[in-house]
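# An overview of the molecular structure
So the chains spell out like this:
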Amino acid sequence: MIYEFIDQQGTFKLKNPNDYDAYFPLTNSKGSILSSISPNLSGDIKTDNDHFITPPASSVDLKTNLLCRRDFFIQLKNQTLRLSHPYNDTLEAGFLYHKLIKKTKGLEIEILNFIPHNLGCEVMQVKIKNKTKSSLEITPTSFIPLYGRSAENIRDHRHVSSLLNRIKLTKYTISLKPTMIFNESGHQLNKTEYFSIAFEDNKRPALGQFPTLDYFLGQGDLLNPESLQGKIKPLNKEMPFLQGKEALACFRFKKKLLKKNQQVSYYLLSGIGSPESFFKKLNSPSKIDKAFSETKKYWLNHLSLPQLNFKDKTYNNWLKWVKLQPTLRKLFGNSFLPHFDYGKGGRGWRDLWQDALALLFIEPKKTKQLILNNFQGVRLDGSNATIITKDGRMIPDRNNISRVWMDHGVWPWLTLKLYLDKTQDLSILRQKVTYFDQQKPYRGTVLEHILIQQLTHFFDVGSHNIIRLRNADWNDGLDMAPDLGESVAFSFMYADNLKSLSLILQKMKKQKVYLLKEIVILLDQITKPIDYNNFREKQKRLKLFLQKTKNISGQKQEITLRGLIIDLEKKSQHLSAWLREKEWLKQGFFNGYYDNKGKRVEGKIKGKLRMMLASQVFAIMSGVATDQQIKKTWLSINRHLKDKKLGGFRLNTDFGSIYPDLGRAFGFSYGNKENGAFFNHMVVMLGFALCQRGFIREGREVLASIYKMATAKSAKIYPGIPEYFDLSGKGLYLYLTGSASWYIYALLEGTQRKD
Ligand code: G1P
């Protein structure tokens, strides 16, 4: 491990944190402000994609872009210390704060950053203590760039949008309120004020300010600004030449003579809104101390459920950070940390449902409503909204491109099944909710939504009688086989869902259900069974259903529960047997895909062995693979996908070339992202699936590989599970990954299957 835990509350310490590329998240309980910070004080502060307080920071900016740093300069007699530079650093971090301790020139400096759990601003405290035997004179200057606009403006009229900037100086504040929001598809008046407040111990204001980048730099640059050479004086009032410039929250504090052992603190508050109201709440060291201790308490309390107590104390501490991750993803979505320089903060459909697996344990009460709300994203054709915003709104697609991920119908039932298992609340199946994108007002039961998702997919097959891949499945990188591609991997899961749904229905007391009349077209076993071996018959059925539901009657039809159960069982039996027999390869594992030419993807292809982990995981998890097949598959996984040195499991073997008939994944360099990385989400699911099928020793070995890799020195990360490890074992895409939810779920539920 590169760090060491110093208590039982997840707090850790780390020497020389700048040796790594890790970063740390900060936010409040509602996620109304989101920050990232790295040991050189890089990162950004924002409320959403259109409101960045400081300039947006991607991972490449962390060590290269001086404008993406909160900085602090201390001028000594013969030298200037720049606190974003390392000075014998130690990092201490906990829930949820980031504290750097620096020692140099006889000074001990602590830089604390946190966001009060109930307020929308980031607090930075710089405490300077004189540890020399004599007095020391210091001149401090703070430096926080104020960007004040949308992330889009980084490459869309960066300069023109700066002309809109209006900067205001008051005794304690630099605030930026652009006149307009620059957007060529419709300019609007801007109402948002971005600010940074500064004061010295006991509310002493700064001496003056350098409120624009130009003014701060003078003839110099960010390495040698003239303001730090005594050539430019700080200002106390607004000047016309400050307007229309890149803004900077840069405060020059009064020169200070620090006696031996004397200390002084400087406070900086950055946020959005009215600076006066924040200042009232945080205008003294004691108020800030109180906010800090309450924030720590808030997060520890938030993480109290589920209780996970193992003998190994280090593991317990590490697990606390894993438990935080589903909440972080709820608040950040898949955006807004340095690796996640895409998206606009909403969560994807798949992630939303899978995160609920862990949230059901962490905040059980809130999750029922979340589940009901999410079902409103299902369309009558079995597809769904793909982005759900933080306030629960559904959006067809992040980029306005209409796409279908064929695995999306799988996850809601998995989550609902866990909910039913935990609560026995079968009545939720009868609750009515609307559908997404529906012309006519129509509400159907939750059961009806689930049925539509499973049935439409069952019939949506390609020429191998396997469910079509469409625009991708779990693996977002398999996005180039929309015509002839098929996903065996997720066909397994639909087979399982059909079965487990039929089993749950057997528990229902009522003998009848009422479903939208048109659904009966897909319940062919009740009316006139078709030949499931014939893919064309399935396709025809689906076409008919889609035609009829273009304009629904809204009428319901009574269906006997028994008939429904038999229909689902028959479908599941057919699909399971088909997959088990037709997709098993003589090399001792399953084929998981057909590409856009309709060709089998895995097995021995042109003399080279190709194997993908997902294809095996879902064969096992679905219960379709026999024990004998699992044994052989496990041997093949060990042979072809296990890295003997690092102990982890790869997502696929090296196909050795790009694969435009399957997806962009193969364009990534091997060992990264969806091309052969140690992709933790899939690895946890492998561990979980093996345990569930009774291969406990093997499953535990897989789960243990994640802990081992995440805590190895080579991972170079703080506690938690990253999305993946690369070839060298380095962790990338920190915090916002579904693997954390699945890890918790696997620990709590990963024993044997209940059916
Ligand atoms: C990410 C996405 C997830 C997707 C996976 C593979 O995984 O969030 O939806 O299935 O990549 O493409 P995560 O970062 O959640 O581990």
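For the structure given in this document, a descriptive report is provided here. (Residues numbered from 1 in each chain as written. Predicted model: local features only at pLDDT ≥ 70, side-chain atom pairs only at ≥ 80, totals over all residues. Heavy atoms only, no water.)

### Looking at the environment of Val702
Inclusion rule: By definition, any uninterrupted DSSP run of H or I lasting at least four residues is a helix, any uninterrupted run of E lasting at least two residues is a strand, and each is numbered from the N terminus.
Looking at where Val702 falls in the secondary structure, it is placed in helix α16 (residues 696-711). When the C-alpha positions of Val702 and Cys691 are compared, they lie 9.7 Å apart, and in sequence the two are 11 residues distant.

### Points about the sheet that holds strand β4 (residues 34-37)
Paired through backbone hydrogen bonds, the strands of a sheet run either parallel or antiparallel to each other. Put simply, the rule is: When DSSP finds at least two bridges between two strands, those strands are taken to pair. Two residues qualify as a contact provided that any one of their heavy atoms is within 4.5 Å of a heavy atom in the partner residue. Inter-axis angles, ranging from 0 to 180 degrees, are taken between N-to-C directions of lines fitted to C-alpha atoms, where helices are fitted over the stretch in contact.
Pairing within the open sheet is antiparallel, and its four strands lie in the order β3-β4-β5-β6. Strand pairing shows two members of the sheet lacking a second neighbour, β3 (24-27) and β6 (51-52), which therefore form its edges. Examined bridge by bridge, β4 and strand β5 (residues 45-48) share two bridges and lie antiparallel to one another. Note on β5: the bridge partner recorded for Ser35 is Ile45. Helix-sheet contacts for helix α5 (residues 313-332) involve β3 and β4, and the interaxial angle to β3 is about 60°.

### Observations regarding the site of the ligand
What counts here: Here, proximity means that at least one heavy atom of the residue falls within 4 Å of the molecule or strand. Side-chain atoms alone can form a polar contact between residues adjacent in sequence; in general such a contact is a pair of N or O atoms within 3.5 Å, and within protein one must be able to donate a hydrogen while the other accepts it. Accessibility throughout is a Shrake-Rupley quantity obtained with a 1.4 Å probe, and a residue counts as covered only by protein chains that appear here. Put simply, Ala, Val, Leu, Ile, Met, Phe, Trp, Tyr, Cys and Pro go in the nonpolar bin, Asp, Glu, Lys and Arg in the charged bin, and everything else, Gly too, in the polar bin.
Around the ligand, the surrounding shell holds 14 residues, and the nearest of these are Asp351, Trp474, Glu674, Glu723 and Thr737. Between the ligand and Glu723, the relevant distance is 2.5 Å, taken from an oxygen atom to a side-chain nitrogen or oxygen of the residue. Contact with the protein chains hides 95% of the accessible area of the ligand, taken as 370 Å² for the molecule alone. Its residues assigned to classes, the shell around the ligand comprises three nonpolar, five polar and six charged.

### Some points on the nonpolar core
Just so we agree on the cut-off: Residues grouped as a nonpolar core are buried Ala, Val, Leu, Ile, Met, Phe, Trp, Tyr and Cys residues, joined through side-chain atoms within 4.5 Å. For the exposure calls, accessible area comes from a 1.4 Å probe over protein chains only, and a residue counts as buried if that area is under 20% of its type's maximum, exposed if over 50%, partly exposed in between.
One finds Ile128, Trp318, Trp411, Leu416, Phe618, Trp742 and Tyr743 to be the most contacted residues of the largest nonpolar core, which totals 232 residues. The dominant element in this core, judged by the number of residues it contributes, is helix α10 (residues 488-505), at 11 residues. When neighbours within four sequence positions are excluded, Leu416 is seen to be in contact with Ile371, Phe375, Ile428, Leu429, Val446 and Ile450.

### Concerning the pattern of salt bridges
For clarity, the cut-off: Here, a salt bridge means any side-chain nitrogen of Lys or Arg that lies within 4 Å of a carboxyl oxygen of Asp or Glu.
Using the criterion set out here, one finds 31 salt bridges in the structure. Residue Arg82 is joined to Asp71 by a salt bridge in which the shortest nitrogen-to-oxygen separation is 3.2 Å. A residue pair is termed long-range when its members are at least 10 positions apart, and Arg82 in strand β8 (residues 80-82) and Asp71 in strand β7 (residues 71-75) qualify at 11 residues. With a relative accessible area of 2%, Asp71 lands in the buried category. For the salt bridge of Lys256 with Glu200, the shortest nitrogen-to-oxygen distance reads 3.2 Å.

### Thoughts on the environment of Leu420
Relative to the elements of secondary structure, Leu420 occurs in helix α8 (residues 411-423). Sequence-distant contacts of Leu420, defined by excluding residues within four places in its chain, comprise Trp413, Asp425, Leu426, Ile428, Leu429 and Ile504.

### Things to note about the packing of helix α9 (residues 446-459) against α10
Packed helices, taken two at a time, are described by their axes: the angle between them and the distance between them. The condition is simple: Left-handed describes a crossing whose near helix is turned anticlockwise from the far helix through less than a right angle; right-handed describes the clockwise counterpart.
Taken N-terminus to C-terminus, the directions of α9 and α10 make an angle of 145°; their axes are 10 Å apart at the nearest point. The handedness of the crossing between α9 and α10 is left-handed. Between α9 and α10, the residues in contact are Leu447, Ile450, Leu451, Gln453, Gln454, Leu455, His457 and Phe458 and Tyr494, Asn497, Leu498, Leu501 and Leu505, respectively. A class-by-class count of the residues in the contact of α9 with α10 yields nine nonpolar, four polar and no charged.

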